[in-house]
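Fold and contact review
Chain by chain, the residues run as shown.
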Amino acid sequence: MSKALIHAAILALSLLAAATARAQHGMPGGTPMTFFVTSKPIGDGGNLGGLAGADAHCQNLAAAAGAGGRTWRAYLSTQDRPGAPAVSARDRIGAGPWYNFDGVMIARDLAHLHGDTIELARLGNNLNKRTGLTEKGQIVPGLNDYKHPRDTDWEYVKTTPYSNRHEVLTGSQLDGREFPPDLDYTCENWTSNRDPEAPGMGAGPNRPNAQIGFPDRNGGGNGSWNSSHGTTGCSQTALVRTHGVGMLYCFAIN
Amino acid sequence: MRTVTVSISLGSLFVLAAVNTAFAQPPDMLPDSEDVPSSLMTFFVTSAPIGDGGNLGGLSGADAHCQDLARAAGAGGKTWRAYLSTQARPGQPAVNARDRIGEGPWYYPRAKLLDYLNRRLDRSLHKSQIHGDTLEEAQRGSNMSKEFALTEKGEYVNGVGDPLPTRHDMLTGSLPDGRAFTDDADHTCNNWTSNGAGSAQVGHSDRIGNGNQSWNSSHATTGCSQEDLISSGGIGLFYCFAVD
């Protein structure tokens, strides 16, 4: 079988699977989309052009999908800097509830989304691999979907849309708030594409880095949707090294 | 000519192999041939139900089912317990699932030797993490996932989006913290002896369904017969943990 045929088969299977899931659970449709994972990255690593650039990316993708009538915000925090107070991702995204491409509710409100109480946190929100869809309704490829030795290589990943890319930039702690200012968790507030000189992963002195989460809730030893672990750096190639491409969560605030 | 073609192909393979080693080894591309002996498995989902709905023959019947399946998979040398709670009855105190399973950490059925040697040293289940004993642990989550919650044969358990029947409802009879319910309603199919009246609390092995992600306490079944379990999204499977 040719590679193209295999890929077509994989696509067909995932479409069938998605359809089955909807039919089986009778997921309600028709509710307008107010949440999505970006179908593509900005492409310059952790340099998103700041919060404004990231919001514009959300807005543009939403508009292209026919959802540009709302105000969209990227789920990103920034850290405290001289003259620029910190911003919490959770304070940027409105009050909810938020619905995905299929009209399935991701979370009722901020407390549900973040698990603000231990009871809420134990049950979790409704963001998972089947609901963490892009603005086009696509499932975000994650672990084990399509293993390839080069799926940590940007040159391969950028032309292979079904390869693992499940790390979403957030720069946030588990509660949706920013990290303290001393170490970088936000690629210098989303303006940097630099990499640390020393190899390694996660935050540390002189380590440009971004905190990420998993829409498929599978990875990093925990599956946190918004704060699982750090990256190896802020360049596009560094993001890919741990199976991300610089995707964002986008929420409509109205 | 055939010989030439073959040697060219082999040559390309060697080039590919050389290229591959230039990339950092991501954790997902480990060779499948490095299986840990299955006796090192300390957690699995039952590959088959007992088959009589919520009547498991009590905790002892469920434990025996875990032990039998483990033995058939070459892991009978350990002591296995079903992750199930029972509710208090006259003269019979409640039993918490979390208190039955030892202390862990637990490793899943397809753990690879290289997982331990390389980047997945932390790929295990920890008791406090799977139950969210602190707010941070509850928010962060654990390794419990569809890819982790495999049968003793190392197979996936059909979940949302997979071919029917869905098998992801895991009998637990437990609250999200792994303890028994304390109200008067039935959450354990009469302490795992009923195949008719009653209800059982279930979790989802794929962490999908009912608007939450709970692996151990997502919703109640509509009844305790095998048909009731099937109509709720399961076939009567449960989690097994090794206590030693």
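Residues numbered from 1 in each chain as written. Chains lettered and ligands numbered in written order. Predicted model: local features only at pLDDT ≥ 70, side-chain atom pairs only at ≥ 80, totals over all residues. Heavy atoms only, no water.

A look at the overall build of chain A
To keep it simple, the criterion reads: Under the scheme used here, helices are H or I runs from DSSP no shorter than 4 residues and strands are E runs no shorter than 2 residues, and both carry numbers assigned from the N terminus. Burial classes follow relative accessibility: with a 1.4 Å probe on protein chains only, a residue under 20% of its type's maximum area counts as buried, one over 50% as exposed, and anything between as partly exposed. Only the protein chains shown count as cover for residues, and the accessible areas themselves come from Shrake-Rupley with a 1.4 Å probe.
Of regular secondary structure, chain A possesses seven helices and eight strands. Burial analysis of chain A (254 residues in total) assigns 54% to the buried set. Accessible surface computed for chain A: about 9,800 Å², of which carbon and sulfur atoms make up 56%.

Some remarks on the overall build of chain B
Using the following cut-off: Contacts are residue-level and defined by heavy atoms, with any inter-residue pair within 4.5 Å sufficient.
From N to C terminus, chain B includes seven helices and six strands. When the elements of chain B are put in sequence order from the N terminus, they spell out α-β-α-β-α-α-α-β-α-β-β-α-β. Buried positions account for 53% of the 244 residues belonging to chain B. Long-range pairs, those at least 24 residues apart, make up 68% of the contacts in chain B with a sequence separation of at least 6. Entry remark: accessible area of chain B is about 10,400 Å², with carbon and sulfur atoms responsible for 56%.

Side note on the side chain of N100 of chain A
Residue and element names in this part refer to chain A. The following threshold applies: Two N or O atoms count as a polar contact when they lie within 3.5 Å, although within protein this holds only if one can serve as hydrogen donor and the other as acceptor, and sequence-adjacent residues are included solely when both atoms are side-chain atoms.
Summarising the element assignment, N100 is placed in the loop between β3 (98–99) and β4 (105–107). A distance of 2.8 Å separates the side chain of N100 from the backbone oxygen of T131, its partner in a polar contact. For N100, the contacting residues outside a window of four places in its chain are T31, M33, F35, I106, T131 and L133.

Quick notes on the confidence of the model for chain A
Keep this limit in mind: As a per-residue quantity, pLDDT reports the predictor's confidence and falls between 0 and 100.
For chain A, mean pLDDT is 90; residues scoring 70 or higher make up 89% of the total. Note that pLDDT drops below 50 for residues 8–28 of chain A; the model gives that stretch 20 contacts with residues more than four away or on any other chain.

So, the packing of aromatic side chains
For clarity, the threshold we go by: When two rings of Phe, Tyr or Trp (its six-membered ring) have centres within 6.5 Å they constitute a pair, described as stacked for plane angles under 30 degrees, edge-to-face for angles over 60, and tilted for the intermediate range.
Taken as a whole, this structure holds 20 aromatic pairs over all chains when the rule is applied. Aromatic pair F36 of chain A and W72 of chain A: ring centres 4.8 Å apart, planes at 50 degrees, arrangement tilted. Placement of the pair is F36 of chain A in strand β1 (residues 35–37) and W72 of chain A in strand β2 (residues 72–74), with a sequence separation of 36 residues. We note that F36 of chain A, like W72 of chain A, is buried. Seen in terms of ring centroids, W215 of chain B and Y239 of chain B are 5.1 Å apart; in terms of plane orientation they differ by 65 degrees. Their pairing is edge-to-face.

Overview of helix α2 (residues 58–72) of chain B
Three- or four-residue spacings in an α-helix give side chains the same orientation, since the helix completes a turn every 3.6 residues. All names here are of chain B. The criterion, for reference: Given a helix with a known number of residues, its expected span is that number minus one, times 1.5 Å.
A rise of 1.5 Å per residue sets the reference length of α2, with its 15 residues, at 21 Å; its end C-alpha atoms lie 22 Å apart and thus fit the reference within 8%. All buried positions along α2 are accounted for by G58, L59, A62, D63, H65, C66, Q67, L69 and A70. Of the surrounding elements, those touching the buried residues of α2 are β1 (43–45), β2 (80–82), α6 (189–192) and β6 (237–242). Of the residues one or two after α2, G74 is the one with positive phi, at around 85 degrees.

What about the confidence of the model for chain B?
All names here are of chain B. In this model, chain B carries an average pLDDT of 84, and 79% of its residues clear a pLDDT of 70 or more. pLDDT under 50 marks residues 1–36. Its contacts with residues more than four places away, or in other chains, come to 32 contacts. The ipTM value of the predicted complex is 0.85, and its pTM value is 0.85.

Overview of the environment of Y156 of chain A
Residues and elements named next belong to chain A. By the secondary structure assignment, Y156 is in helix α5 (residues 154–157). Here the alpha-carbon distance between Y156 and V240, two residues 84 residues apart in the chain, equals 9.9 Å. If we skip the residues at most four places from it in the chain, Y156 touches Y146, H148, R150, D151 and S163.

Structural notes on the pattern of salt bridges
If the charged atoms of two oppositely charged side chains come close together, the side chains can form a pair. Quick reminder of the rule: Criterion for a salt bridge: a side-chain nitrogen of Lys or Arg within 4 Å of a carboxyl oxygen of Asp or Glu.
A full pass over the atoms with the stated rule returns 16 salt bridges over all chains. We note a salt bridge from D153 of chain A to R150 of chain A, for which the minimum N-O separation is 2.7 Å. Judged by relative accessible area, R150 of chain A falls into the partly exposed class, the value being 28%. For the salt bridge of D63 of chain B with R81 of chain B, the shortest nitrogen-to-oxygen distance reads 3.9 Å.

A closer look at the environment of C224 of chain B
Residues and elements named next belong to chain B. Looking at the element boundaries, C224 is found in the loop between β5 (219–220) and α7 (226–232). Residue classification places C224 among the buried residues on the basis of a relative accessible area of 0%. The spatial distance from the C-alpha of C224 to the C-alpha of T151 is 23 Å, given a sequence separation of 73 residues. Among residues more than four places away in sequence, those in contact with C224 are D52, G53, G54, C189, S194, N195, G196, A197, G198 and S199.

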